[in-house]
Amino acid sequence: MKVPSPKLTFWERIYVVEIIRGLGVTMGHLLKNLFRQSEMPTVQFPEEIKPVATRHRSRHRLTVREDGTPKCVACMCCPTACPASCIHIIAQEADAPWKEKKPRVFEIDLLRCVFCGFCVEACPEDAIRMDTGEVTIVGTRREDFIVGLDFLLHGEGNAWREGRPEEKPQPGPGEPLLPPSTPEEESGRGPRQVLRPKLPSAWETVREVKP
Ligand code: SF4
Ligand code: SF4
């Protein structure tokens with residue numbers, strides 16, 4: 001495709017007039033911003049935070065029922081749909097007779113997440129949403145970005161900046177604090193493998209275990 005070049009006039013070819021015109025535009029914006037600051041298009045972030053669009057996919061949260069229990073039934077649809085393999089769930093038996101399972105561990109690695117929203121689409125219980133409006137996710141260690149059940153249930157909005165709530169382990173009755181043992185361990189073969197769910201490498205270990 002041929003793009004025709006515009007024909008320049010004599011004054012455009014010597015550039016001086018155009019440079020002065022450009023400086024005039026810059027000075028106009030400068031003076032307008034100085035004397036009419038309320039109309040400035042810039043935002044004083046982070047003191048001033050613009051609301052995100054309602055359809056924006058921001059940091060996840062887990063929804064709860066009226067009695068405060070998570071809606072999640074640990075059906076594993078969201079980790080199955082997740083293209084980044086960044087959701088890690090360990091299920092346990094639910095205490096209510098009308099549901100089979102509930103999550104004992106529910107973690108999302110926000111550094112791996114591509115914020116595609118597939119997990120929200122896949123959930124049959126409306127248990128996971130991406131509507132917190134939280135887009136500034138800050139941490140100093142990789143582990144800071146692996147959010148667990150407590151944070152996903154109770155860390156609302158921009159509470160991140162006020163400090164992440166302490167994740168309390170939620171073992172089932174008679175269950176150890178650590179994730180389930182490996183098949184090798186159960187069969188008495190190999191050394192005990194200590195899995196630490198806070199580390200991404202442990203996620204790999206969990207995923208590699210064959211049923
Ligand atoms: S938004 Fe996409 S990548 Fe992130 S946890 Fe959900 S399914 Fe996975
Ligand atoms: S798809 Fe929904 S109900 Fe199923 S494990 Fe994920 S959040 Fe829980």
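Refer to the structure printed above.
Residues numbered from 1 in each chain as written. Chains lettered and ligands numbered in written order. Predicted model: local features only at pLDDT ≥ 70, side-chain atom pairs only at ≥ 80, totals over all residues.

1. Details of the overall build of the chain
- For the chain, the helix and strand inventory stands at 7 helices and 5 strands.
- When the helices and strands of the chain are read in sequence order from the N terminus, they spell out α-α-β-α-β-β-α-β-β-α-α-α.
- For the chain, the proportion of its 211 residues judged to be buried stands at 16%.
- Long-range pairs, those at least 24 residues apart, make up 62% of the contacts in the chain between residues at least 6 apart in sequence. (Helix = DSSP H or I, 4+ residues; strand = E, 2+ residues; numbered from the N terminus. Buried ≥ 20, exposed ≤ 12 C-beta atoms within 10 Å, placed from the backbone. Contact = placed C-beta atoms within 7 Å.)

2. Here we look at the nonpolar core
- Counting residues in each nonpolar core, the largest one holds 18 residues, and the members touching the most others are L62, I108, I128 and L152.
- Of all elements in the fold, only strand 3 (101-109), strand 5 (146-147) and helix 5 (149-154) reach the threshold of two or more residues within this core.
- Top contributing element to this core by residue count: helix 5, with 3 residues.
- Contacts of L62, omitting those with residues within four sequence positions, involve P70, C72, F106, A127, I128, L152 and L153. (Core = buried A, V, L, I, M, F, W, Y, C linked by C-beta atoms within 7 Å.)

3. Focus: the pairing of strand 3
- Across 7 bridges, strand 2 (residues 87-93) lies against strand 3 in antiparallel orientation. Across the sheet, E93 pairs through a bridge with K101, a residue of strand 3.
- Alignment of strand 3 against strand 5, held across 2 bridges, turns out to be antiparallel. When the bridges of strand 5 are listed, D109 appears paired with I146. (Pairing = 2+ DSSP bridges.)

4. A look at the sheet that holds strand 5
- The 3 strands are arranged 2-3-5 in an open sheet whose pairing can be described as antiparallel. Two strands close off the open sheet at either side, each with one partner strand: strand 2 and strand 5.

5. Focus: the site of ligand 2
- Among the 13 residues in the neighbourhood of ligand 2, the closest are listed as C72, C75, C77, C78 and C123.
- Within the shell around ligand 2, the residues separate by chemical class into 12 nonpolar, no polar and 1 charged. (Near = placed C-beta within 6 Å. Nonpolar A, V, L, I, M, F, W, Y, C, P; charged D, E, K, R; others polar.)

6. Topic: unusual backbone geometry
- Of note, M76 is a non-glycine position whose phi angle comes to about 70°, a positive value.
- You can see M76 is positioned in the loop between strand 1 (61-62) and helix 3 (77-81).
- Residue classification places M76 among the partly exposed residues on the basis of 14 C-beta atoms within 10 Å.
- With phi around 55°, D126 is a residue other than glycine that occupies positive phi space.
- In this structure D126 comes out as exposed when scored by C-beta crowding, with 10 C-beta atoms within 10 Å.

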